[in-house]
Amino acid sequence: MSTRTTDLSDLFPRSTFDPDGPAPRIAVLGTGYLGATHAVAMAQLGMEVVGVDTDPNKVAMLTAGKVPFYEPGLPELLTEQLATGRLRFTTDVAEAVGWADVHFVCVGTPQSKTSHAADLRFVEAATTSIARHLTHDALIVGKSTVPVGTGARLRELVADAAPAGLRTELVWNPEFLREGKAVQDTLHPDRIVLGGTTPDSEALLRRVYAGPIAEGSPVVVCDLPTAELVKVSANAFLATKISFINAISGVCEAAGADVTVLADALGHDVRIGRQFLDAGLGFGGGCLPKDIRALMHRSNELGAHQASALLQQVDEINMGQRSRVIDLALEACGGSVLNRRVGVLGAAFKPHTDDVRDSPALNVAAALHLRGAQVTVYDPQAGDTARSSFPTLGYATSVDEAVEGADVVLVLTEWDEFVDAEPARLAGLTHQASVIDARGKLDAARWRGAGWSFRGLGRAAA
Ligand code: UGA
């Protein structure tokens, strides 16, 4: 896909670990949400970067300046960095690995099809492929989210596959970026964790991250297993916080209290903080659900059963929220949704992304469809990704179209467009003005005032 002419420095061996050597060249393996953003960000920080993917379509798109998914700010930065000549993409792993000094592993670690464990096939294949194609000393940096112990196993694979006589190090530098804020999180990380480094590889990574470090991003240097665990523990804590507020929302509902006000009041305590206390449909996406399950699995393997038991509860509370919303929809339709029209606002697992992996919104929409409802979904960005995962649902191109003739309207992803919608006007489009706010972001008094029957999780029925 891309070709490079040999420059003079290519004729001499690269001195990867030399602190006075030329700026490190970067290879990023995997160009999904993590890798594409990381590659662009590394170029923005001033380094020469090659992004590598086995999918020629992705490489062609990125080379043409097109991001294969929706991520605010990334297309602009991609175009800018391609124009500098510092950034390119290729399917040719041998060429990329032979050229670069620091190799970031950014491939996916999905949940295994047959258990809660993470599927490490892609991480193992990418790491082995780097090792096999090395032509000079190299630092291999894992960024993917992996079970603790993976790095140690990968070091063995590298030792077996790398050409003799080369110095190779493998370290872990987990990524904490959020979809929808990926560019900001990558360029201005709230911490940089370096696991299993030697003084030389730590110094090399401090050169790579010189920009954010100068800005004040704290650096935590630790061993390999701690770095691996920091990442999954962070996601497990966030998931626990969400399930905590969702459990409390059940108490609020039973007691006639309002969980949105309660969360605001809790959040004023700096030890608790307001973030990740939005009660509702719960967490989904490509990270939190599979990461807590992989941690459950790994904790059990290690005999640390308490962590597993805690996370099992977190997962159960989370999945229970989906059933709760389905029940509210059935209730709103008098006990059955058979042949009733359901307008679903939101398909993405959260706003500002088109990602529908393990999306609670689509899960609820599909469950109502299976119960015989005519479901029409609208999402400002995730319509196409949703349609390819759930082709049997109906799709609309606007809020109006989705709520037209509806017996009940469900707000399942809190896009601004839904929160700011005009309830009085929308009421006139429906068959029955009944709304379920599954994300706790609508102004209940305003919707009720406009004639809607309003139900929310953790909020009084009337
Ligand atoms: C998450 C973490 O937040 C990132 O730090 C991490 O790097 C990333 O996973 C990853 O492992 O790659 P992300 O999956 O983009 O990021 O999504 P979050 O913003 O964490 O939201 C996850 C889910 O929790 C969403 O479905 C969201 O709607 C839900 N959520 C969030 C709530 O239900 N309530 C809240 O208060 C907050």
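Residues numbered from 1 in each chain as written. Predicted model: local features only at pLDDT ≥ 70, side-chain atom pairs only at ≥ 80, totals over all residues. Heavy atoms only, no water.

Under an unreviewed UniProt entry, the name given to the protein chain is UDP-glucose 6-dehydrogenase, and the organism recorded is Cellulomonas terrae. Here the protein chain is described in UniProt, under the heading Sequence similarities (unreviewed entry), as follows: "Belongs to the UDP-glucose/GDP-mannose dehydrogenase family." Recorded in UniProt for the protein chain, the comment headed Catalytic activity (unreviewed entry) runs: "UDP-alpha-D-glucose + 2 NAD(+) + H2O = UDP-alpha-D-glucuronate + 2 NADH + 3 H(+)". (UniProt positions renumbered as here; feature names shortened; annotations may be inferred.)

Peer 1: Would you mind going over the packing of aromatic side chains in detail, with residue names and values included?
Peer 2: For the structure on display, the rule yields three aromatic pairs. With centroids separated by 4.3 Å and ring planes inclined at 40 degrees, the aromatic side chains of Tyr33 and Phe69 adopt a geometry described as tilted. Of the two residues, Tyr33 sits in helix 1 (residues 33-44) while Phe69 sits in the loop between helix 2 (56-63) and helix 3 (74-84), which places them 36 residues apart along the sequence. Judged by its relative accessible area of 18%, Tyr33 is buried. Judged by centre distance (6.0 Å) and plane angle (65 degrees), the ring pair of Tyr378 and Phe418 falls under edge-to-face. Highlighted residues: Tyr378 in strand 10 (residues 374-378) and Phe418 in helix 17 (residues 416-419), separated in sequence by 40 residues. Side by side, Tyr378 and Phe418 carry an identical accessibility label, which is buried. Seen from the ring of Phe17, Arg167 lies directly overhead, with NZ or CZ sitting 4.1 Å from the centre. (Phe/Tyr/Trp six-rings, centres within 6.5 Å; stacked < 30°, edge-to-face > 60°. Helix = DSSP H or I, 4+ residues; strand = E, 2+ residues; numbered from the N terminus. Buried < 20%, exposed > 50% of the residue type's maximum accessible area, 1.4 Å probe, protein only. Lys NZ or Arg CZ within 6 Å of the ring centre and 35° of its normal.)

Peer 1: Describe the site of the ligand, and please don't skip the residues or the numbers.
Peer 2: In the neighbourhood of the ligand, 21 residues make up the surrounding shell, with Leu177, Glu179, Lys231, Asn235 and Asp278 lying closest. A distance of 3.3 Å separates an oxygen atom of the ligand from a polar backbone atom of Leu277. Contact between the ligand and Arg439: an oxygen atom at 3.3 Å from a side-chain N or O atom of the residue. Contributing elements (two or more residues each) for the shell around the ligand: helix 10 (224-255) and helix 12 (288-301). With four residues, helix 10 is the single largest residue contributor to the shell around the ligand. Of the residues that constitute the shell around the ligand, the class distribution is ten nonpolar, three polar and eight charged. Two domains share the shell around the ligand, each providing at least three of its residues, namely domain 1 (8-222) and domain 2 (235-456). (Near = heavy atom within 4 Å. Polar contact = N/O pair within 3.5 Å; in protein donor to acceptor, adjacent residues only side chain to side chain. Nonpolar A, V, L, I, M, F, W, Y, C, P; charged D, E, K, R; others polar. Domains from an automatic or database assignment.)

Peer 1: I'd like to hear about the domain arrangement of the protein chain, residue by residue, with values.
Peer 2: According to the domain assignment, the protein chain contains domain 1 (8-222) and domain 2 (235-456). Carbon and sulfur atoms make up 53% of the area that domain 1 and domain 2 hide from each other, which totals about 1,400 Å². Three residues, Tyr70, His116 and Glu179, lead the burial of domain 1 against domain 2; their summed loss comes to 45% of the area buried on that side. Among the ionic pairs, Arg357 bridges to Glu179, the shortest N-O distance being 3.1 Å. Taken together, domain 1 and domain 2 are joined by nine residue pairs in polar contact (both at pLDDT 80 or more). (Buried area = accessible area lost by both parts, 1.4 Å probe. Salt bridge = Lys/Arg side-chain N within 4 Å of Asp/Glu carboxyl O.)

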